[in-house]
Number of protein chains: 2
Amino acid sequence: MADTASTSLQSLLVEAKDASRALSVASAAARDAALQAMSRIVSDNVEPIVAANAEDLARGVSEGMSEGLQDRLRLTPDRIRALSQAIEDIRALADPVGDVVRGMTLPNGLQVSQVRVPFGVVGAIYEARPNVTIDIAALGIKSGNVVVLRGGSQAHATNTVLVSLLREALVQAGLPAAAVTSVDDFGRDGARAMMQGRGLIDVLIPRGSAALIETVVTESTVPVIETGSGVVHIFVDASADLAQAVDIIDNAKVQRPSVCNAVETVLVHEAAAQELLPMLGARLEKSGVVIHADERARETLPSAVLATEEDWAREYLSLELAITVVDSLDAALEHIRTYSTHHTEAILTADMTNAERFLNEVDSASVIVNASTRFTDGGEFGFGAEVGISTQKLHARGPMGLPELTSTKWIVRGQGQVRA
Amino acid sequence: MADTASTSLQSLLVEAKDASRALSVASAAARDAALQAMSRIVSDNVEPIVAANAEDLARGVSEGMSEGLQDRLRLTPDRIRALSQAIEDIRALADPVGDVVRGMTLPNGLQVSQVRVPFGVVGAIYEARPNVTIDIAALGIKSGNVVVLRGGSQAHATNTVLVSLLREALVQAGLPAAAVTSVDDFGRDGARAMMQGRGLIDVLIPRGSAALIETVVTESTVPVIETGSGVVHIFVDASADLAQAVDIIDNAKVQRPSVCNAVETVLVHEAAAQELLPMLGARLEKSGVVIHADERARETLPSAVLATEEDWAREYLSLELAITVVDSLDAALEHIRTYSTHHTEAILTADMTNAERFLNEVDSASVIVNASTRFTDGGEFGFGAEVGISTQKLHARGPMGLPELTSTKWIVRGQGQVRA
């Protein structure tokens, strides 16, 4: 019985790999037609999707699922129509496949070019977010990849309906159904087979909690792109424009606190603390932010909670913020080195030398001078769609767009050349 | 005792990580000065290097080391001077650090640029090739990286001397000695600490046998760049220029048979077999090549050894070659899909449609039309130096030069922008 299950799991992955051949040679027009069919089938099936989603939600509620998780899981008719539109938006993006990255003619006449090609099979492991099913499938097909999905047990009914609709759309458009493959019926064995699927899965993208990402990175023999969490810092230098600093920090914390590029710790140069902190405290209080401050910051922020060592490493993802006063830029850099998750850090300063030092010495995917940390975002950078924000250094770093879902291939055209 | 050893191993890796901060902000001039000192110290110390190497060789011989391995391990005065020159050559290459990959000004005035930055700490695990010690150290320093090396027990005495000289040169040039760090004193524990060194090692490059690479890929939680083996194919289409085909195949097999881009299997379209194979057989015989042919190829190559199933998957790395006759381009593509290691494949043809199909459908790092497979090479592509040839799809694919030893960072310069 277990053997039959693992055979059929393996055969699913082999089918997906085989389908990647068809996808890799499908024209952009054929892939776009499939995306159009996918968009249409999602908007045409709001009712069955809502019904399946209600099933997942009811099970979640009975198992005590938090309000936040329920919200991430919930698909309303409006949200479903937005997902259908998101597929259309992805279809409208420029096709990365076939782009020539660089090229040259060698002295012996060989014409060499490096061109973008699909990875082949992109795996995604995520949790309780059925929108990711649509998102990754659309990004995958647009970039000529097959996607293999493990969407988690909490969204199982919803994802089953979504995947079955997407596969129907693929077939309508003349592409193999296996171009969108789910291993959710196999529970954790499905995730394990993906993580160990060398030769079948070309790259694996975990999206979700730090624990999920840690598991995938540790257990995978397949290459992983880490899309990590953000303990994001803003350093207010002695020379900063303080009114501007208050606006930027408020925006970076409050505009959308639940996302990875929201600020979590503010470091204030001691020369700016006495003037800045009362203004900042008043603004953040108005925005409903709970401040965790160290002893020195509490001198001018007496109503703040006393910060503990744990606060410096916390990604609150909520209306909470840690504040510390530091002696110098060096002390700020040292704090950031210790606690940063290498996502985004910003300096607010009027001093060019300090700005340059911060840009050079902070080892993060995105380093910002005098602007909100919320700008580290594929949409803001003009990528049109975002696969995630990579906090690792290999292959992709920072916001990932469609080109980051491709590999390259060297094409060499000769006229009989041999090596001397 | 074991605890002390693992503490000091860990502290070596932490020192290397700390040194990466100094390297990442060192100017190109400072890094070049270190390379100059490294080159000089190697050429000034031919005698101690030869003496240490003689020790390794004597131990190898007493343990029954093969001639081939002895040759890879051996450092003669000429080879040492060539290594010193290789460091100079790497110094003369363009600095990849700080290159702007792309940039834009957003509608809100934010200036965004993606710039090349060093990885930080590059680990290398390799076997019995002391030249790799010099090579990786020089490429690493040139690209602003710290290198951590595990060079294997067979070259232990040689690598100890080389690393100690390189560290002396770094200090002379004002850079931290830890920028070249060896974990060889810790044996396999050293390799294990590197493979599990998340946060301390940024990328790991294994160089050596397929078994070594497999171990590193399987056991690492650190990102790995696979530099794999090459079961390289040439397909001779019905329309190929047959005299040219004989020249190309002979070159691809014979010019340097021990390397990964040498051809291992030739597939011949049945329409070309009868005319091509006698010519090809005669040429290869003259070059001393042993041919393993399938039944159909043996009809015109009666003196060839009968190929077994295993021959199709073998990387001979010697003057042996497998030959099969196929019915069609499709059959050739199917054979390549089954046995290729995704390194390099070539088609010899006069038919444009078939050339395009081969270029599109073969999923290898380098795909070649009408030229020798020996051109898949960083030197030939004009990179000046080669870190290795990646057969994976993430980060780098095909010949890797200095830019492939870097990551990128997004730099954002604002004037107070916040998100709406």
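Just above sits the structure.
Everything quoted here is computed from the prediction, not taken from an experiment. (Residues numbered from 1 in each chain as written. Chains lettered and ligands numbered in written order. Predicted model: local features only at pLDDT ≥ 70, side-chain atom pairs only at ≥ 80, totals over all residues.)

Asks: Would you take a moment to explain the environment of Ala-193 of chain B for this structure?
Replies: Residues and elements named next belong to chain B. Its place among the elements puts Ala-193 in helix α8 (residues 187–195). Residue classification places Ala-193 among the buried residues on the basis of 21 C-beta atoms within 10 Å. Along the sequence, Ala-193 and Leu-13 sit 180 residues apart, while their C-alpha atoms lie 8.5 Å from each other. In this structure Ala-193 touches Leu-9, Gln-10, Leu-13 and Val-183, once residues within four positions along its chain are discounted. (Helix = DSSP H or I, 4+ residues; strand = E, 2+ residues; numbered from the N terminus. Buried ≥ 20, exposed ≤ 12 C-beta atoms within 10 Å, placed from the backbone. Contact = placed C-beta atoms within 7 Å.)

Asks: Got a minute to help me understand the interface of chain A and chain B in this structure?
Replies: Many structure descriptions define interface size as the accessible area lost when the parts assemble. Each partner contributes to the interface: chain A provides 54 residues, whereas chain B provides 54 residues. Breaking the side of chain A that touches chain B down by element, the ones donating at least two residues are α9 (210–219), α10 (242–254), α14 (352–361), β13 (366–371) and β16 (406–417) of chain A. Taken together, the residues of the side of chain A that touches chain B break down into 23 nonpolar, 20 polar and 11 charged. Relative to strand β13 (residues 366–371) of chain B, β16 of chain A runs parallel, the two sharing 5 bridges. (Nonpolar A, V, L, I, M, F, W, Y, C, P; charged D, E, K, R; others polar. Pairing = 2+ DSSP bridges.)

Asks: Explain helix α2 (residues 28–43) of chain B here, please?
Replies: Residue pairs spaced three or four apart in an α-helix point in one direction, given the helix's 3.6 residues per turn. All names here are of chain B. If you check α2, its first and last C-alpha atoms are 23 Å apart, about what 16 residues at 1.5 Å a residue would give, namely 22 Å. Turning to α2, its buried residues are Arg-31, Ala-34, Leu-35, Ala-37, Met-38, Ser-39, Ile-41 and Val-42. Packing partners of the buried residues in α2 comprise α5 (77–91), α6 (130–142) and α7 (156–172). (Expected span 1.5 Å × (residues − 1).)

Asks: Please explain the environment of Gly-208 of chain A as it appears in this structure.
Replies: Position of Gly-208 of chain A relative to the elements: it lies in the loop between β6 (203–207) and α9. As for Gly-208 of chain A and Ile-249 of chain A, which are separated by 41 residues in sequence, their C-alpha atoms are 26 Å apart.

Asks: Teacher, can you tell me more about the sheet that holds strand β12 (residues 344–348) of chain B here?
Replies: An order of β1(A)-β2(A)-β16(A)-β13(B)-β12(B)-β7(B)-β8(B)-β11(B)-β9(B)-β10(B) is seen for the 10 strands of this open sheet, with the pairing classed as mixed. With one partner strand each, in any of the chains shown, β1 (100–105) of chain A together with β10 (305–306) of chain B form the two edges of the open sheet. One ladder, built from 4 bridges, connects strand β9 (residues 290–293) of chain B with strand β11 (residues 320–326) of chain B; its direction is parallel. Along β11 of chain B, the bridge assignment pairs Val-290 of chain B with Glu-320 of chain B. Each of β7 (232–236), β8 (263–269), β9 and β11 of chain B is contacted by helix α11 (residues 270–286) of chain B, which is oriented at about 145° to β8 of chain B, the strand it contacts most. Across the sheet, helix α14 (residues 352–361) of chain B is in contact with β16 of chain A together with β7, β12 and β13 of chain B; its angle to β13 of chain B comes to roughly 155°. (Axes fitted to C-alpha atoms, helices over the stretch in contact; angles between N-to-C directions.)

Asks: Whenever I open this one, the sheet that holds strand β10 (residues 305–306) of chain A confuses me. Can you help?
Replies: The pairing of strands in a sheet comes from backbone hydrogen bonds and takes either a parallel or an antiparallel form. If you walk across this open sheet you meet the 10 strands as β10(A)-β9(A)-β11(A)-β8(A)-β7(A)-β12(A)-β13(A)-β16(B)-β2(B)-β1(B), and the pairing is mixed. The two strands at the open ends of the sheet, each matched to only one other strand, are β10 of chain A together with β1 (100–105) of chain B. Pairing of strand β12 (residues 344–348) of chain A with β13 of chain A, which is carried by 4 bridges, proceeds in the parallel orientation. If you follow Ile-347 of chain A over to β13 of chain A, its bridge partner there is Val-369 of chain A. Strands β7 (232–236), β8 (263–269), β11 (320–326) and β12 of chain A of the sheet are contacted by helix α13 (residues 329–339) of chain A, whose axis makes an angle of about 140° with β11 of chain A.

Asks: Just to check I follow, could you spell out the relation of the copies chain A and chain B for this structure?
Replies: Both copies of the chain are related by a screw-like operation: a rotation about an axis and a shift along it. When chain A is fitted to chain B, the residual RMSD is 0.1 Å, and the transformation amounts to a turn of 180° plus an axial shift of 0.0 Å. Taken together, the rotation angle and the small translation identify this as a two-fold axis. Measuring from the rotation axis to each C-alpha of chain A, the shortest distance belongs to His-395 of chain A, at 1.8 Å. Interface residue correspondence from chain A to chain B reaches 100%, placing this contact among same-surface, isologous pairings. (Least-squares fit on C-alpha atoms with pLDDT ≥ 70 in both.)

Asks: What's the story with α13 of chain A in this structure? I'm lost.
Replies: All names here are of chain A. Among the residues making up α13, those that are buried are Leu-329, Ala-332, Leu-333 and Ile-336. Projected down its long axis, α13 carries its buried residues within an arc of 100°, all on one side. The outward face of α13, more than 90 degrees from its buried face, is lined by the exposed residues Asp-330, Glu-334 and Thr-338. (Arc of directions from axis to C-beta.)

Asks: When you look at the pairing of β9 of chain B in this model, what are you seeing that I'm missing?
Replies: One ladder, built from 2 bridges, connects β9 of chain B with β10 of chain B; its direction is parallel. Within β10 of chain B, the position partnered with Ala-293 of chain B by the bridge is Leu-306 of chain B.

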